Structure formats: C-alpha cells, structure tokens
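# Structural features, examined
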Amino acid sequence: MPIKYATYVKSSATISQCPEHQRPEYAFIGRSNVGKSSLINMLTGNKKLAKTSATPGKTLLINHFIINNDWYLVDLPGYGFAKRSKTERTKLEQMISGYILQRESLTNLFVLIDSRHEPQLIDLEFIQWLGESGIPFSIVFTKADKLSKQALNNNINAYLARLAKDWDSLPPHFITSSETKQGREELLSYIETINNGLAQS
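Quick summary incoming for the structure in this document.

Right, let's get into the overall build of the protein chain. Helices and strands together make up the secondary structure of the protein chain, namely five helices and seven strands. Listed N to C, the secondary structure of the protein chain is β-β-α-β-β-α-β-α-β-α-β-α in terms of helices and strands. Computed over its C-alpha atoms, the radius of gyration of the protein chain comes to 16 Å, within 12% of the 17 Å expected for a compact globule of 201 residues. Projecting the C-alpha coordinates of the protein chain onto the three principal axes gives extents of approximately 45 × 40 × 35 Å. Buried positions account for 46% of the 201 residues belonging to the protein chain. The contacts in the protein chain between residues at least 6 apart in sequence include a share of 75% that link residues at least 24 apart. About 10,500 Å² of surface is accessible on the protein chain, with carbon and sulfur atoms providing 47% of the total.

Here's what the structure looks like:
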C-alpha cells in the first residue's frame with residue numbers, strides 16, 4: 001500500500017476529544033524507548049511525522065494522523081512510564097485503557113516489542129490483558145537491525161514460545177527495523193487487507 005498522504009490531525013487527552021470515529025484506526029503502543037515514533041515515521045515515509053526523542057516516555061497524549069484520507073494511525077502513550085509520578089502514571093493508564101476499551105473505531109492495536117530483550121513481565125501482562133479484553137492486536141518486534149540474524153531468530157522464537165504457554169493460537173507478528181525499513185511492506189499490506197475486508201462488509 002503506497003502512502004501518498006500522511007499528516008497530523010490532533011492530540012487528545014481523553015477519548016471524547018478524539019476525532020469522530022468514521023474511519024478505521026490502527027494504534028501503536030509499547031514500552032518507553034521501544035522505537036515507536038521511529039517506526040511510525042518509517043511506515044509513513046515521513047521522518048518528522050511523529051516526534052522522536054532520546055528521552056523515553058515523551059508521548060503523553062493520544063495522537064491521530066490521517067493516512068491517505070482513508071484511515072487513522074494512532075500514536076498512544078507508552079506503558080511502563082519513564083520517570084513519572086504516581087498521579088501521572090494513573091492518569092496515563094486511564095487514558096490508554098479508556099481508548100483501547102472504548103474506542104469503537106479501533107481496528108487493530110500494534111504492540112511493539114524490542115527484539116533485543118527477553119520477554120518482559122510488563123509486556124506479557126499487557127498482552128494478556130488485551131486477550132482477556134477481546135482487543136484485536138498484533139505484535140511488532142522492533143530494532144531487528146541491532147542483532148545478528150541468528151540472534152534475532154532465537155529471541156523471537158523464544159518470545160513466541162513464551163506466549164504459546166498462555167495462548168492457544170498466537171497473534172500475528174511482524175519483524176521490523178526503522179533503519180532498514182524491514183517489515184514496512186508486510187505491515188502496510190496487513191492494514192490494507194483489513195481495510196479491504198471492512199470495505200466489503
């Protein structure tokens with residue numbers, strides 16, 4: 001799917017402030033410093049679309065971007081918040097869960113996982129919560145270029161094996177690198193397939 005048009009629409013502190021839900025929405029979320037902004041910029045072909053930062057946890061609002069005037073890409077705040085007060089963490093958790101559980105046009109949630117690390121409890125618990133809540137989601141392994149091919153395969157296979165202990169069938173997963181654009185076509189094709197299915201239903 002070619003990205004011909006991608007632009008920022010608005011940032012919202014609550015679900016009620018989000019744009020009217022007339023288009024499918026694909027949201028991206030992950031722990032702080034997982035490479036979310038870089039991935040969004042790589043997917044859209046616009047290095048300045050989502051603001052990247054060396055400081056983790058900079059995304060504090062629900063950010064909507066319109067793609068090809070057809071669907072929304074949504075940049076959600078990360079979980080496992082970096083250096084936040086308890087009050088701020090609670091507020092962010094309520095914002096995230098409110099959007100995920102109540103947003104009618106949320107079509108798929110992409111959960112970003114740093115491919116360099118072993119399974120983290122916070123990610124596993126979040127994925128488990130999505131499953132229990134009936135949220136359609138996929139896993140996106142990021143920073144694939146930071147590992148050798150063998151190490152990458154070993155890490156991802158170990159991660160999927162860990163998930164298989166709790167899941168009868170595994171969610172779709174993608175392997176990406178914002179540096180090399182690995183996984184870009186696969187992710188965009190996945191979104192396009194879902195959109196085509198929605199258009200026909």
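What follows deals with the nonpolar core. Core analysis: the largest hydrophobic core is formed by 33 residues, its most contacted members being I29, L76, Y99, I100, L109 and V111. If you list the elements that add at least two residues to this core, you get β2 (25-30), β3 (62-67), β4 (71-75), α2 (86-102), β5 (106-114), α3 (121-133), β6 (137-142) and α4 (149-164). In this structure L109 touches A27, F28, I29, L76, I100, F126, L130, I135, P136, F137 and S138, once residues within four positions along its chain are discounted. M42, I67, L73 and F110 belong to the second-largest nonpolar core, a separate cluster that totals 23 residues.

To continue, consider the packing of α2 against α3. Relative orientation of the contacting elements α2 and α3 amounts to 35 degrees, with a least axis distance of 11 Å. Handedness of the crossing formed by α2 with α3: right-handed. Where α2 abuts α3, its residues S97, I100 and L101 lie against F126, W129, L130 and S133. In terms of residue class, the contact of α2 with α3 is made up of five nonpolar, two polar and no charged.

Looking now at the side chain of S105. Mapped onto the elements, S105 comes out in the loop between α2 and β5. Other than its neighbours up to four places away in sequence, S105 contacts H21, R23, P24 and E25.

All chains considered together, the criterion is met by eleven aromatic pairs. Each ring, one from F126 and one from W129, has its centre 5.8 Å from the other, and the planes form 35 degrees; the classification is tilted. With a gap of three residues between them, F126 and W129 both fall in helix α3, about one helical turn apart. Using a relative accessible area of 11% as the deciding quantity, one classes F126 as buried. Judged by relative accessible area, W129 falls into the partly exposed class, the value being 26%. Ring pairs connect the aromatic residues Y26, F28, W71, F110, F174 and Y190, which therefore count as one cluster.

All right, on to the packing of helix α1 (residues 36-44) against helix α5 (residues 184-200) then. Packing of α1 against α5 leaves a shortest axis separation of 10 Å and a crossing angle of 75 degrees. The orientation of α1 with respect to α5, classified from their angle, is roughly perpendicular. Residues M42, L43 and T44 of α1 pack against R184, L187 and L188 of α5. Along the lines of polarity and charge, the residues of the contact of α1 with α5 split into four nonpolar, one polar and one charged.

Before going further, it helps to examine the environment of I175. For I175, the location among the structural elements is in strand β7 (residues 173-175). Residue I175 is classed as partly exposed on the basis of its relative accessible area, which comes to 25%. As for I175 and R103, which are separated by 72 residues in sequence, their C-alpha atoms are 27 Å apart. Not counting residues within four places of it along the chain, the set of residues in contact with I175 comprises F141, A144, L152, I156, Q182 and G183.

This paragraph deals with the side chain of N195. Locating N195 in the fold gives a position in helix α5. Contacts of N195, omitting those with residues within four sequence positions, involve P24, Y26, D70 and W71.

Attention now moves to the sheet that holds strand β1 (residues 6-12). Strand order across the open sheet formed by seven strands is β1-β3-β4-β2-β5-β6-β7, with mixed pairing between neighbours. Looking at which strands have only one partner, the edges of the open sheet turn out to be β1 and β7. Neighbour-to-neighbour, the strand axes of the sheet open up by a mean angle of 25 degrees, direction not taken into account. In terms of strand pairing, β5 meets β6 through six bridges, oriented parallel. Opposite L109, over in β6, you have F137 as the bridge partner. Contacting β1, β2, β3, β4 and β5, α2 crosses the sheet at an angle of about 145 degrees to β2.

Analysis parameters
Residues numbered from 1 in each chain as written. Predicted model: local features only at pLDDT ≥ 70, side-chain atom pairs only at ≥ 80, totals over all residues. Heavy atoms only, no water. Helix = DSSP H or I, 4+ residues; strand = E, 2+ residues; numbered from the N terminus. Rg over C-alpha atoms; globule rule 2.2 N^0.38 Å. Buried < 20%, exposed > 50% of the residue type's maximum accessible area, 1.4 Å probe, protein only. Contact = heavy atoms within 4.5 Å. Areas by Shrake-Rupley, 256 points an atom, 1.4 Å probe, with all protein chains shown as cover. Core = buried A, V, L, I, M, F, W, Y, C linked by side-chain atoms within 4.5 Å. Axes fitted to C-alpha atoms, helices over the stretch in contact; angles between N-to-C directions. Left-handed = near helix turned anticlockwise from the far one by under 90°. Nonpolar A, V, L, I, M, F, W, Y, C, P; charged D, E, K, R; others polar. Phe/Tyr/Trp six-rings, centres within 6.5 Å; stacked < 30°, edge-to-face > 60°. Parallel < 35°, antiparallel > 145°, perpendicular 65-115°, else oblique. Pairing = 2+ DSSP bridges.

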